[in-house]
Every structure is written in C-alpha cells, then in structure tokens.
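Coordinate analysis (summary)
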Amino acid sequence: MILLSITENIHNWLFSVMPAEVASIVEMVLIAVVYLTVFAVAGLFLVLLERRVAAWFQLRIGPNRVGYQGLLQTMADAIKLLTKELVGTDRADKFLYNLAPYFVIITALMALAVIPFSQEFHAFDINIGIFFLIAISSIGVIGILLGGWSSNNKFAMIGAMRSGVQTISYELSVGLSLLTMVVITGTLQLSEIIEIQKSGWLIVQGHIPAVIAFMVFMISGTAETNRAPFDMVEAESELGAGFHTEYSGMKFAYFFLAEFINMFIIAAIAATVFFGGWLSPFGITESIPELGVFWFLIKTMVLVFLMMWFRWTFPRLRVDQLLTLEWKYLLPINLVNIVLMAVLVWLNLTIRL
Amino acid sequence: MSYFSDIYEGIKTLLTGMSVTGKYFITSRKGAITQQYPDNRETLKMFDRFRGEVIMPHNEDNEHRCTGCQKCEIACPNGTIEIIWDRGIDEETGKKKKKIDQFVYHLSMCTMCGLCIDVCPTDAIEWGQNFENSVYDRTTLTRVLNEPNSKLMPGVED
Ligand code: SF4
Ligand code: SF4
C-alpha cells in the first residue's frame, strides 16, 4: 500500500509537470529501469542460491567467504566480469556476435513484465498474457542461435544447433501444457487467471489433468531454459561452454544472467498458472494484500528449488533421447491430456471450492 | 503396452534419484566433506591413507628399522632416495656390518608412488600425513630421514 501510494504520487507528479504523452513515456522508462535493477540483482542472488544449493547437494559448503555466508559473492563476480576485457574471435560476424547477448537478456526481461507479482505489482497486464509469454520465451533462442553461429567456433555452432532442435521441440510442450490450463480458465490474461483461482488453485481445480500438465510443464520448462539434464546446449564435457564459448566479460554475464532469469520466469509462470500466483493458501492472509509478493516469491522459490534439484540429480540426456522424450512421450501425453481436460470442463467435473 | 510401463519406470527411477540427492541435501550440514583449511589448521587431521611424504619413524631410544639394504633406492623410479652407507663394527658380534649414514630423501622429486614403502623388507619407512610442503627454497625439500646419532633397532635383522 505504501509502495502503491508512492507510485501513485510519482504518477500524478509526472502528469502535472509535462504533457501526457511525454509523461507516459517517462513512466515506462522509469518502470523499465526499476525492473532492470531489481532483476539484475535478483538474478545475481539466484546464481548464489544455485551455487549454495548445488554445494549442499554435493556435500560441499559452497561460497561462504565474501560477505556474510557469501552473500556478496556473485556481486563481486559481476564487478569482476565488468572489468574484464571483451575478447572476440577472428573473422567472427561482429555485428551479430555483439547483438546476440542483448537478444537473450532483453527477451528474458520482457517476459518479466507480464508476470503478476502481486495485485498491484504488475507492470503490463495484457489480455493475451500467456500467449505473450510463450511467444517471448521462444525469441530468446534466436539470441543463442546467433551467438553460436556468429562466433566462428565449431563448439559454439554445435551448441547453437542443438539449442535450435531442443527449443523448437519443447516449445510445443510448454505451449500445450499451458493451453491445457487455459481450457479451465477460459482466459489468457494473467490477472484473470489468478482471479479464477480464488475458488481453488488450478492444480486442485483441474486435479488429474492439471497434475499431468504441471509435470509436463516443469520438464519442458527445464528444457526451455537449457538447464541440466537438458543442458546439451552448453554440455561442458562435450562442447567447452557451448554457444557462449567465445564470449567473455559482461557479454558472458548477460547469457549467464539470462539463464537464471529464465529459470525464474518458468517457475513464476508455473506458480501463477498452477499454484495461484500471489494468492495465499486457503486465503489465510486475504485481508493483507501486501503479502501477495511474499506468497508469490515463496511459491516461485520452491519451484526454482525443484529445478535446481533436477539439475543436480539427473545426468545429461543424449540428443536422440531428448527428442524421443519430447516427440514420443511428452507430446502425445499432452495432446491426450488436453482432450481429457476439455471433457472434464465440459462435464463440469472440475473441483471448485 | 511397454509404453506405459516405460513411463512408470522412468518416473519411479527419477524419483529414486531425487530422494537420494534430497537426503544428501538435508544431511549436508553434518556430512560436508569440504575442509575449511586455513581456519581449522589446528584441528585438521589428514586421513590415514593420505600420501604426504615418506618418513622414517624412530622410537624413543632414537632407533629406526632401516638396515641400509638399499632396496628402496633401487625401487624408486625417480632416484628420489639416496642412501649413504658405511661399514661399521657391530658392537655385539664384532663383525664388520653395513649400516646407514644418511637416508637422503628428495621430496621435490618424489611422485608418491609408494614403491619404496612396499619394497622395504623391514618396514622402516612409511607415509607421513604432512601436506604443507610449499617452501621458498627447494633445497629445504632435501631431507635426511634418519635422525642424527640414531641407530638400528636391535632385532630387526633377524
Ligand atoms: S614414493 Fe616412489 S618416488 Fe617417492 S621415494 Fe618412494 S619410490 Fe621414490
Ligand atoms: S628403508 Fe627399507 S628398503 Fe630402504 S634401505 Fe632401509 S631397510 Fe632397506
């Protein structure tokens, strides 16, 4: 509420000192800057979280020297990367080579705009929210393809091609599993999807098909973000560092940060679509809407942890296994699931509290 | 029909894997293998099988078990061990007998292969657990393993 009144005040002040068109553009820029800083820092802390969680899974301790319990470790890393020289390859396609990291990071940040963090904290509530998310999240792969193609390196090239194969395949499953949920909600707008979940989270409302859709979404979402066990794009043991082998300094950091922001986005979409977003469980804190952000972050973090758990448990798939999993298992299951969900909604078998 | 049993098997094995790592995650606080080395330097105890350097233990009477047979010197692939020996008079029998003057060990040339320790017929040398071997001057890595004025433990040769 305090936050809301501050933004309200800024909004009024901006519109009072300048013409409406300029003021709205200034407002957009301000919001963009806020999002950029918040998520750059949040991304850094996600990297730290990943490293600590990985360490615990492997019976290690993890970074704990810089700052209290290593809290400033990734900040220090980012500053180090900022000061590093940007080394490029000979005969690389310089224009595309330099463009690629921005593609990846900008699409990652664009997707964040439509995610509702709480009732008020929602930058861009369009009526095609889920469609926009699916569309935006597949643009990121262009950055990966460009980066791999233009850096004149065979490892990067192979990584980029694998990424193309992988993302095009798994994009289908991500889309279809979200569509399964849209069958229940009947709307693509994220704020309305949450509104509908006031009578029970969608994973409860849709019971069996919703659980299947959630599993499919988590698997294909992990594949979308190119994380282990689907990290064939990077595959350290096979390809050096895959598509970003030739990137250094801050450009490398963009790729790295984008991976973590993408992971956050996948978890956030899952939290919003399946687990009620910023709604509190059983509506226990319905009277205090400020807690929305808190619930949203808790749900997202649990799902992020799940993805980390995947990463540090499962071995990497082969390319043919990856395609088998998608085309022979996930996709048919998904299609059957969507029909099942439609029948369920048609016969009114969904659970509503 | 194996299609569905494959899915079932797949999910089951994945969950088994996740439960294993999940257990590690929960217990990692107690079981962490990482040693926070310079902090716990006082309490750090290296495990028994650690190969830090070759040492020659002496008992409280300053006696060792090395007969000077030079088997270790021959066995060493790197020429790390140099045995400087002498013939001395044995006090009990009065006969002339081979005994070591200096057991010279060049730690800088040792690959910790353990052949010398395996080959020693009297178990005179063994592994030490010291690992802080970095020095500014490499001549300090050449060591004489037998203590000054030490002598052969009686009864070892029998
Ligand atoms: S451990 Fe191997 S290299 Fe070292 S002294 Fe013994 S035989 Fe030589
Ligand atoms: S250390 Fe063992 S092998 Fe080497 S000279 Fe002495 S008794 Fe022989």
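Nothing here was measured: the structure is a model prediction, and the numbers come from that model.

Okay, the overall build of chain A next. Counting its secondary structure elements, chain A contains 13 helices and 0 strands. What you see for chain A is a C-alpha radius of gyration of 21 Å, in line with the 20 Å of a compact globule of 353 residues. By principal-axis analysis of the C-alpha atoms, chain A measures approximately 60 × 60 × 45 Å. Put simply, chain A has 353 residues, and 50% of those count as buried. Considering only contacts within chain A whose residues lie at least 6 apart along the sequence, 76% involve residues at least 24 apart.

Attention now goes to the environment of Val156 of chain B. Residues and elements named next belong to chain B. Structurally, Val156 can be placed in the segment after strand E7 (151-152). Take Val156: its relative accessible area is 12%, and that puts it in the buried class. When the C-alpha atoms of Val156 and Pro121 are compared, they prove to be 9.9 Å apart, with 35 residues separating the residues in sequence. The residues contacting Val156, other than those within four sequence positions of it, are Arg65, Thr67 and Thr122.

A complete count under the given rule lists 10 salt bridges over all chains for this structure. In this structure, Glu53 of chain B engages Arg143 of chain B in a salt bridge whose closest nitrogen and oxygen atoms are separated by 2.3 Å. Here the residue Glu53 of chain B occupies a position in strand E1 (residues 53-55), and Arg143 of chain B occupies one in strand E6 (residues 142-144), the gap between them amounting to 90 residues. What makes Glu53 of chain B buried here is its relative accessible area of 9%. Residue Arg143 of chain B is classed as partly exposed on the basis of its relative accessible area, which comes to 24%. Through salt bridges with shared partners, a single ionic network connects Glu50, Arg227, Glu259 and Arg311 of chain A.

Okay, the site of ligand 2 next. Around ligand 2, 14 residues are found, and the nearest of them are Cys66, Cys69, Gln70, Cys72 and Cys120 of chain B. Counted by class, the shell around ligand 2 contains 9 nonpolar, 4 polar and 1 charged residues.

Okay, helix H13 (residues 319-346) of chain A next. Residues and elements named next belong to chain A. Spanning 28 residues, H13 covers 39 Å between terminal C-alpha atoms, matching the ideal 40 Å at 1.5 Å per step. Taking the largest bend as the criterion, H13 deviates by roughly 30 degrees, centred on Leu330, and proline Pro332 comes between one and four positions later. Taken together, the buried positions of H13 are occupied by Leu322, Glu326, Tyr329, Leu330, Leu331, Asn334, Asn337, Ile338, Met341 and Leu344. One or two steps after H13, the chain reaches Asn348, where phi turns positive at roughly 60 degrees.

A separate point is the site of ligand 1. With respect to spatial proximity, 14 residues lie near ligand 1, and among them Cys76, Cys110, Cys113, Gly114 and Cys116 of chain B are the closest. Of the residues assigned to the shell around ligand 1, the class counts are 10 nonpolar, 4 polar and no charged.

On to the domain arrangement of chain B. Segmentation of chain B into domains returns domain 1 (1-34) and domain 2 (53-150). Here the C-alpha centre of domain 2 of chain B lies 51 Å away from the C-alpha centre of domain 1 of chain B.

Further remarks concern the interface of chain B and chain A. Facing 19 residues of chain B, the contacting portion of chain A comprises 21 residues. Taken together, chain B and chain A are joined by 1 salt bridge. Of the charged contacts, one joins Arg65 of chain A and Asp39 of chain B as a salt bridge, the two residues approaching to 3.3 Å between their closest N and O atoms. Linking chain B to chain A there are 7 residue pairs in polar contact (both at pLDDT 80 or more). Considered class by class, the residues forming the side of chain B that touches chain A number 9 nonpolar, 7 polar and 3 charged.

Right, let's talk about the nonpolar core for a bit. For soluble globular proteins, the rule of thumb is that nonpolar side chains tend to be buried together. Counting 74 residues, the largest nonpolar core has Leu112, Phe217 and Phe274 of chain A as its most contacted members. Top element by residues in this core is helix H11 (residues 249-274) of chain A. It accounts for 16 residues. In this structure Phe274 of chain A touches Met181, Gln197, Trp201, Leu202, Ile203, Ala210, Ala213, Phe214, Phe217 and Ile269 of chain A, once residues within four positions along its chain are discounted. In terms of nonpolar packing, the next biggest core, distinct from the first, is built from 19 residues, Ile81, Ile83, Cys120 and Ala124 of chain B among them.

Moving on: the packing of aromatic side chains. Residues and elements named next belong to chain A. Here the structure, examined in full by the defined rule, presents 28 aromatic pairs over all chains. Each ring, one from Phe39 and one from Phe117, has its centre 5.5 Å from the other, and the planes form 35 degrees; the classification is tilted. You can see Phe39 sitting in helix H2 (residues 20-57) and its partner Phe117 sitting in the loop between helix H4 (94-113) and helix H5 (129-150), a full 78 residues away along the chain. Across this residue pair, the class does not change: Phe39 and Phe117 are buried.

What counts as what
Residues numbered from 1 in each chain as written. Chains lettered and ligands numbered in written order. Predicted model: local features only at pLDDT ≥ 70, side-chain atom pairs only at ≥ 80, totals over all residues. Heavy atoms only, no water. Helix = DSSP H or I, 4+ residues; strand = E, 2+ residues; numbered from the N terminus. Rg over C-alpha atoms; globule rule 2.2 N^0.38 Å. Buried < 20%, exposed > 50% of the residue type's maximum accessible area, 1.4 Å probe, protein only. Contact = heavy atoms within 4.5 Å. Salt bridge = Lys/Arg side-chain N within 4 Å of Asp/Glu carboxyl O. Near = heavy atom within 4 Å. Nonpolar A, V, L, I, M, F, W, Y, C, P; charged D, E, K, R; others polar. Expected span 1.5 Å × (residues − 1). Bend = angle between axes of the 7 residues up to and from the residue. Domains from an automatic or database assignment. Polar contact = N/O pair within 3.5 Å; in protein donor to acceptor, adjacent residues only side chain to side chain. Core = buried A, V, L, I, M, F, W, Y, C linked by side-chain atoms within 4.5 Å. Phe/Tyr/Trp six-rings, centres within 6.5 Å; stacked < 30°, edge-to-face > 60°.

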